[in-house]
Structure formats: C-alpha cells, structure tokens
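Structural features, examined
So you can see what is in the structure, the chains are spelled out below.
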Amino acid sequence: MDTNKLEQIAKLLVAPGKGILAADESLSTIEKRFILLGIENTEENRRVYRQMLFTTPAIEEYISGVILFEETLYQTLHGAEGEKTILFPDFLIGRKIIPGIKVDQGLQDFEGSEVEKITKGIETLQERLIDYAKSGAKFTKWRAVFTIKDEAMPTDACILENAKLLAKYALFAQEVGLVPIVEPEVLVEGSHTIDKCKEVTERVLKVVFEELKEKEIYFPGMILKPNMILPGKDCIDQSNSKEVAEKTLEVLERCVPDEVAGIVFLSGGQSDEDATLNLNEIVKLAQKSGKNLWPITFSYGRDLQDSPIKVWQGKEENILLARSEFYKKAKENSLASQGKYLN
Ligand code: 13P
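Residues numbered from 1 in each chain as written. Predicted model: local features only at pLDDT ≥ 70, side-chain atom pairs only at ≥ 80, totals over all residues. Heavy atoms only, no water.

1. Considerations on the overall build of the protein
For the protein, the count of helices and strands is 12 helices and 12 strands. Relative to the globule expectation of 20 Å for 343 residues, the C-alpha radius of gyration of the protein, 19 Å, shows essentially globular dimensions. Seen through its C-alpha atoms, the protein measures out along the principal axes to roughly 60 × 45 × 45 Å. Sequence separation of at least 24 residues holds for 79% of the intrachain contacts in the protein that already meet a minimum separation of 6. Accessible surface, the protein: about 15000 Å² in total, of which carbon and sulfur atoms supply 50%. Of the charged side chains in the protein, 44 are positive and 56 negative; the average position of the first set lies 3 Å away from that of the second. (Helix = DSSP H or I, 4+ residues; strand = E, 2+ residues; numbered from the N terminus. Rg over C-alpha atoms; globule rule 2.2 N^0.38 Å. Contact = heavy atoms within 4.5 Å. Areas by Shrake-Rupley, 256 points an atom, 1.4 Å probe, with all protein chains shown as cover. Lys, Arg positive; Asp, Glu negative; His and termini not counted. Charge placed at Lys NZ, Arg CZ, Asp CG, Glu CD.)

Here is the structure:
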C-alpha cells in the first residue's frame, strides 16, 4: 500500500480554504433534480450540466476535488467546433482539481426491512476500482445511510453490516492507491430531536471506527464524510447553528481518531444557507477550542448545486449566470471552512 501517495492526496483534498464538490448524483437522483425544472434526464443533458459546473472559471480557488458519477468519469468536455475533446478527469486534473468517484451502487433493503438499507456494490468493487484508477480517479466515496425511526431504528445489526461494508470498501480503495471517503449518513428525515441524532450518530461512528481499525485502515490516507448533528426535518424544535456546532464537534471528538486526514461534511438536505452557516460555526468552535483537530471542510452536493441548477434551467443562455452562482456558493463555503463566513 502506497501510504505516502494516499496521505498526499487526502491532504490536498482538505487543503485550507478548499472543499469538495459532490457531483455524483445517480441517474435517479439527478432525475429528481431535473424534473423539478422540466429538464429531460438524458445522458447529454447530464454531460452539459456537469460541464457547466467544471468549467466555471476560477473554482479551483475553492474546490479541491469533484466526486463524479461513473458515467461522468468516461464523458468528455466538448469545446468549440473542431476543438479536441478531453475526458472530464483529465480536464479537472489540468485545472488542479482532483477527480474522484462514487463507487457504491446505491441501496437495498436490509434483511427484508422496508426502512433500513445497506449499501450495494461490494462484490464487484475490487475489479471496478482498478478501472477507475486507470481512468484518472484519485479518490472514492462510499455512502451508507441510517434511518432514525422510533426507538427501534437504526438496529445494531444494520449499523454493524454497513460499518463492515464501509471498512471493506476503505481497505480495497487504499490497496489500489485510491483515498477512501467513508460516508456514514444518519438521515435528517423524521421528527426526532437533535439529541436523538447525536446519540445515533455517536453509536454509528463508534462501530464504523471499530471496523476501520479492525481492517487496519491507514487513517492519514482516509477522509470521513459525516452528517452534522441536526434535529429531524419534521421536529418542531429546530436548533440554531451554535447548538448544531457544539453537538457535532462533541460527537466527532469522541469518535474520530486524530490521525484521520480530514472531516468533510455532507449537506444532507439542509437549506444551502443553513449548511454554510453551520459549517462556519463548527469551524469557529474548533478554532476556539485551541485543540489541534483534523481539517474540517465541505463535500456538498445540494448546497453547492441547488441555486446554480435553478438558474440554469437546462438553457444555454443561462450558463454564464449559473456559473457565477456556482462560483459564489463555492466561495461562501470556502469562507465557512475557515470560519470567516459573514463575520
Ligand atoms: P448532499 O450535500 O446533497 O447531502 O450530497 C453529498 C453527498 O455526497 C451525498 O452522498
């Protein structure tokens, strides 16, 4: 295992003032985003949309890496008529943006449950990783989800099964020189309180790190992508950023070893303003603690894309405006990752 290479890539991904764009929506997820705007979910429309994001001028100031969906890894950037085409990973590398790829294959019901899910794709993973690395990917992401429902869910069995898959994935990725982003997401759907989310996230992270240790994952070459500690979407008691920051940092400090290369949050259905404000508060609190904690930044999908996609609406004439909206969102989150947003 090339630990130096893993560590170097992981460090670049969480470099100061930078974060990751998650542009790895599956075919069905991007369809949900497109339908709302009346955009047809064709391969070409997905390519044009992603090209619009990747070609936004100067985003490399704020974006260290992009998580691609498998289809995008093999698509090309189309320039003006007669210009040479270039594969997206090569184009990104040329801009000093690191290409990565989502390597899980979505979710399936866990042991007949209609609520609990485990992540698919482990059987074919080792083979696929070799192809992804050949195609220019430098890092990977695997997402597991946990639903809070009554006192019963998530079950210990579902947590353990997903944690084992995350650890196996991280090992396979590191073995071929790809940095793993380990993403255990406690979902925001539901009416649970913020304290319930805190308790469940802590339970999940403890088991995930036990399994990662068991597989001897090289932590300086691995990144954690957790949820923030938030009340459920339908909880009547919503929290302010300060409370979110305190509880999030408390859980992470209890569960995440110091050697882990960095923490990159998912936005997980928060409004884009909330995801940025909450990141800013978490970073400010970490700075105030005076402790030497891991780098903390963003790996946002919806937060970075919600407004640019609405401006774009699938129309060529809106591309310039949509790009400036994306640049603005990337800059705001860069500031938040330094605790400097709206200060
Ligand atoms: P969101 O920021 O939209 O939650 O997406 C991040 C992600 O990569 C989910 O897997």
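From this point, the narrative continues.
2. Re the pattern of salt bridges
In total, this model carries 28 salt bridges according to the counting rule given. Close ionic contact of arginine 47 with glutamate 44 constitutes a salt bridge, the shortest N to O distance being 2.9 Å. Of this pair, arginine 47 and glutamate 44 both sit in helix H3 (residues 43-54), 3 residues apart, roughly one helical turn. Across the pair glutamate 246 and lysine 242 runs a salt bridge, and its minimum N-O distance is 3.3 Å. A residue pair is termed a helical-turn pair when its members lie 3 or 4 positions apart in one helix, as glutamate 246 and lysine 242 do in helix H9 (residues 241-255) at 4 residues. Overall, lysine 242 belongs to the exposed group, its relative accessible area being 52%. The network of salt bridges with common partners includes Lys198, Glu202, Lys206, Glu250 and Arg254. (Salt bridge = Lys/Arg side-chain N within 4 Å of Asp/Glu carboxyl O. Buried < 20%, exposed > 50% of the residue type's maximum accessible area, 1.4 Å probe, protein only.)

3. Section: the packing of helix H2 (residues 27-36) against H3
Packing of H2 against H3 brings their axes to within 12 Å, and their N-to-C directions diverge by 80 degrees. Here H3 runs roughly perpendicular to H2, going by the angle between their axes. Contacts between H2 and H3 involve Leu27, Ile30 and Phe34 from the first element and Asn45, Arg46, Tyr49 and Arg50 from the second. Of the residues in the contact of H2 with H3, the class split is 4 nonpolar, 1 polar and 2 charged. (Axes fitted to C-alpha atoms, helices over the stretch in contact; angles between N-to-C directions. Parallel < 35°, antiparallel > 145°, perpendicular 65-115°, else oblique. Nonpolar A, V, L, I, M, F, W, Y, C, P; charged D, E, K, R; others polar.)

4. Some points on the nonpolar core
Membership of the largest hydrophobic core comes to 92 residues, with the highest contact counts inside it found for Phe54, Leu212 and Ile296. The biggest single contributor to this core is helix H7 (residues 156-175), with 11 residues. Contact partners of leucine 212, with chain neighbours within four places excluded, come to Leu166, Ala167, Ala170, Val182, Ile217, Phe219 and Met222. (Core = buried A, V, L, I, M, F, W, Y, C linked by side-chain atoms within 4.5 Å.)

5. Re the packing of aromatic side chains
One pass over the full model with this rule turns up 8 aromatic pairs. On the basis of an interplanar angle of 65 degrees and a centroid distance of 5.7 Å, the ring pair of phenylalanine 209 and phenylalanine 219 is categorised as edge-to-face. With a gap of 10 residues between them, phenylalanine 209 in helix H8 (residues 194-214) and phenylalanine 219 in the loop between H8 and strand S10 (223-224) connect regions that are remote in the sequence. With a relative accessible area of 2%, phenylalanine 209 lands in the buried category. (Phe/Tyr/Trp six-rings, centres within 6.5 Å; stacked < 30°, edge-to-face > 60°.)

6. Overview of the packing of H3 against helix H11 (residues 302-312)
Packing of H3 against H11 leaves a shortest axis separation of 12 Å and a crossing angle of 120 degrees. In terms of their interaxial angle, H3 and H11 are classed as oblique. Between H3 and H11 the crossing geometry is right-handed. Residues Asn45, Val48, Tyr49, Met52 and Leu53 of H3 touch H11, and the partners they reach there are Gln305, Pro308, Ile309 and Trp312. Split by residue class, the contact of H3 with H11 holds 7 nonpolar, 2 polar and no charged. (Left-handed = near helix turned anticlockwise from the far one by under 90°.)

All we've got here are geometric facts, nothing functional implied.
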